[in-house]
Amino acid sequence: MARAHPDGIVDLSIGTPVDPTPAVVRAALEAASDAPGYPQTWGTPALREAVAAWFARRRGVPGVDPDGVLPTIGSKELVAWLPTLLGVGPGDLVVHPEIAYPTYDVGARLAGATPVPADGTAQLGPAAGRVRLVWLNSPSNPTGRVLGVEHLAKVVAWARRHGAVVASDECYAELGWDVEEVPSVLDPRVCGGSHDGLLAVYSASKQSNLAGYRAAFVAGDPALVRGLLEVRKHAGMIVPRPVQEALRVAISDDAHVAEQRERYRARRTVVQRALDAAGFRVDHSEAGLYLWATRGEGCWDTVRGLAERGVLVAPGEFYGAAGARHVRVALTASDAAVTSLAARLA
Ligand SMILES: Cc1ncc(COP(=O)(O)O)c(C=O)c1O
């Protein structure tokens with residue numbers, strides 16, 4: 001329906017970057033393009049050290065052990081395979097946020113484990129003993145909610161009491177708007193300075209417009225990472241050498257990230273105003289690349305109403321039953337598309 005609009009579709013339904021990959025990153029890829037030999041699954045020492053330096057510089061996390069860093073082929077594959085790689089299986093529970101990126105559920109199912117959507121640990125009851133993995137996602141896709149230090153610390157303490165691993169998907173961490181900070185699960189205030197049982201997952205896709213490269217990493221407990229490395233090495237889950245180099249440069253250069261942030265900030269202002277003027281309420285959305293909006297009706301009615309104006313958004317129901325009255329509006333559209341959104345909603 002949206003595509004049939006006389007002025008064409010404004011597609012705000014997916015979070016794929018649309019701005020150019022920064023020149024500094026493309027140059028790094030090209031400079032490393034002579035790569036006749038097999039790359040190291042673990043990543044080059046220079047890459048792992050750059051990740052540790054990034055945590056210290058950008059996330060307030062000193063002391064990440066470069067031995068506890070592992071590059072991944074984008075973070076989606078890691079999210080999908082982590083339960084399997086950790087040896088989680090039938091009878092085990094994988095907890096993930098109630099309103100969530102669908103791959104946490106997919107990954108639990110691939111491992112033969114049971115996905116449990118739960119935002120609090122209290123609601124798990126006697127099943128708590130079977131939880132092997134707890135996924136956190138802050139800032140959240142789709143809601144943009146950011147979990148504070150206290151909340152993260154509670155989850156970590158609970159998981160440690162129950163022998164579960166906490167994996168925190170933090171791929172929107174550089175995109176905080178109405179929030180003082182976006183703490184990592186590896187933050188010493190959260191974990192007491194020990195990374196035991198903890199993994200932070202980060203992707204350069206969003207901050208550096210290189211989703212097409214597939215460049216991300218997982219970092220935290222060196223013993224857990226060692227286990228992931230053992231399996232991934234033998235399964236051929238290896239980040240190409242030129243991409244390792246592009247990733248190293250992407251997380252070592254803050255200037256292009258700041259520039260991209262400002263692009264998104266400007267678009268976010270336009271989209272937020274357009275939604276406000278059209279009678280939407282935007283919930284959470286204090287960080288990340290989406291506005292989580294509602295018009296107080298079922299999400300499919302909102303999707304239809306917007307499609308009639310040539311605008312495509314994602315129905316909240318895609319992210320869990322609790323999202324049934326919201327839609328997710330992505331900020332990953334060109335300036336022209338965002339400007340035309342405002343006109344169409346007016
Ligand atoms: C919460 C979350 N995790 C992981 C990913 C995967 O990102 P990538 O595979 O590009 O690193 C996305 C992508 O949209 C996401 O929203």
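Source: prediction; values computed, not measured.

Any chance you could explain the packing of helix α3 (residues 76-85) against helix α4 (residues 103-110) here in plain terms?
In the contact formed by α3 and α4, the axes pass within 7 Å of each other and the chain directions differ by 35°. Considering the relative orientation of α3 and α4, their crossing is right-handed. Contact with α3, carried on its side by Lys-76, Val-79, Ala-80, Trp-81, Pro-83 and Thr-84, involves Thr-103, Tyr-104, Gly-107, Ala-108 and Leu-110 of α4 and no other residues of that element. Here the contact of α3 with α4 is composed, by residue class, of 7 nonpolar, 3 polar and 1 charged.

Please clarify how the sheet that holds strand β6 (residues 165-169) should be interpreted in this entry.
Across a sheet, strands are paired by hydrogen bonds formed along the backbone, either parallel or antiparallel in direction. With mixed pairing, the 7 strands of this open sheet are ordered in space as β2-β8-β7-β6-β5-β3-β4. Of all the strands in the sheet, just β2 (69-72) and β4 (114-117) have a single pairing partner and so form its edges. Neighbouring strand axes in the sheet, compared pairwise and without regard to direction, differ in orientation by 20° on average. In this sheet, β4 lies alongside strand β3 (residues 93-96) in parallel orientation, the contact comprising 4 bridges. Among the inter-strand pairings, Val-94 is bridged to a residue of β4, identified as Pro-115. Of the strands in this sheet, β2, β7 (198-203) and β8 (216-220) are in contact with helix α2 (residues 45-58), which crosses β8 at around 70°. This element, helix α7 (residues 222-235), spans β2, β6, β7 and β8 of the sheet and lies at about 40° to β2.

When you look at the side chain of Arg-328 in this model, what are you seeing that I'm missing?
Inspection of the secondary structure puts Arg-328 in strand β13 (residues 327-330). Here Asn-141 takes part through its side chain, which lies 2.9 Å from a polar atom of the side chain of Arg-328. At 3.4 Å, the side chain of Arg-328 forms a polar contact with the side chain of Tyr-319. Not counting chain neighbours up to four residues away, the residues in contact with Arg-328 comprise Leu-12, Ser-13, Ile-14, Gly-15, Asn-141, Pro-142, Tyr-290, Leu-291, Trp-292, Val-313, Ala-314 and Tyr-319.

Quick question: what am I supposed to make of the environment of Glu-181 here?
Position of Glu-181 among the secondary structure elements: in the loop between β6 and α6 (188-191). The partly exposed category is assigned to Glu-181, whose relative accessible area is 37%. Each C-alpha atom of the pair Glu-181 and Leu-224 lies 27 Å from the other, and the pair is 43 residues apart in sequence. Contact partners of Glu-181, with chain neighbours within four places excluded, come to Val-146, Val-149 and Arg-189.

Just to check I follow, could you spell out the nonpolar core for this structure?
For soluble globular proteins, the rule of thumb is that nonpolar side chains tend to be buried together. Core analysis: the largest hydrophobic core is formed by 51 residues, its most contacted members being Phe-55, Val-64, Leu-124, Val-131, Val-185, Leu-186 and Phe-217. Residue assignment for this core shows that the elements contributing at least two residues are α2, β3, β5 (131-137), α5 (149-162), α6, β7, β8 and α8 (241-250). If we skip the residues at most four places from it in the chain, Phe-55 touches Gly-60, Val-61, Val-64, Ser-184, Leu-186, Ala-200, Phe-217 and Ala-219. With 30 residues, the next largest nonpolar core counts Trp-177, Ala-330, Val-338 and Leu-341 among its residues.

It is not clear to me how the pattern of salt bridges should be interpreted in this structure. Could you clarify?
Side chains that carry opposite charge are capable of pairing whenever their charged atoms lie near each other. In the structure shown here, the tally under the stated rule is 20 salt bridges. Arg-241 is the partner of Glu-245 in a salt bridge, and the nearest nitrogen-oxygen pair spans 3.8 Å. In this pair, Glu-245 and Arg-241 both sit in helix α8, 4 residues apart, roughly one turn of the helix. By relative accessible area, which is 32% here, Arg-241 ends up partly exposed. Here Glu-259 makes a salt bridge to Arg-263, at a shortest N to O gap of 3.5 Å. Here Glu-259 and its partner Arg-263 are both found in helix α9 (residues 255-277), 4 residues apart, which amounts to about one turn of the helix. On the basis of relative accessibility, which here comes to 31%, the residue Arg-263 falls in the partly exposed class. Overlapping salt bridges, with partners in common, bring together Arg-57, Arg-58, Glu-174 and Asp-254 in one network.

What exactly am I supposed to notice about the site of the ligand here?
Around the ligand, the surrounding shell holds 14 residues, and the nearest of these are Asp-169, Tyr-172, Ser-203, Ser-205 and Arg-214. At 2.9 Å, a backbone N or O of Lys-76 approaches an oxygen atom of the ligand. Here Asp-169 contributes a side-chain N or O atom positioned 2.6 Å from a nitrogen atom of the ligand. If the ligand stood free it would expose 400 Å²; the protein chains cover 91% of that surface. Across the shell around the ligand, the residue classes tally to 4 nonpolar, 6 polar and 4 charged.

Would you take a moment to explain the sheet that holds strand β9 (residues 281-283) for this structure?
Taken together, 4 strands build an open sheet; the order of strands is β9-β10-β13-β12 and the sheet is antiparallel. Single-partner strands in this sheet number two, and they are β9 and β12 (314-315). Direction of pairing for strand β10 (residues 290-294) relative to β13: antiparallel, over a ladder of 4 bridges. The partner of Ala-293 across the bridge, within β13, is Val-327.

What counts and what doesn't
Residues numbered from 1 in each chain as written. Predicted model: local features only at pLDDT ≥ 70, side-chain atom pairs only at ≥ 80, totals over all residues. Heavy atoms only, no water. Axes fitted to C-alpha atoms, helices over the stretch in contact; angles between N-to-C directions. Helix = DSSP H or I, 4+ residues; strand = E, 2+ residues; numbered from the N terminus. Left-handed = near helix turned anticlockwise from the far one by under 90°. Contact = heavy atoms within 4.5 Å. Nonpolar A, V, L, I, M, F, W, Y, C, P; charged D, E, K, R; others polar. Pairing = 2+ DSSP bridges. Polar contact = N/O pair within 3.5 Å; in protein donor to acceptor, adjacent residues only side chain to side chain. Buried < 20%, exposed > 50% of the residue type's maximum accessible area, 1.4 Å probe, protein only. Core = buried A, V, L, I, M, F, W, Y, C linked by side-chain atoms within 4.5 Å. Salt bridge = Lys/Arg side-chain N within 4 Å of Asp/Glu carboxyl O. Near = heavy atom within 4 Å. Areas by Shrake-Rupley, 256 points an atom, 1.4 Å probe, with all protein chains shown as cover.

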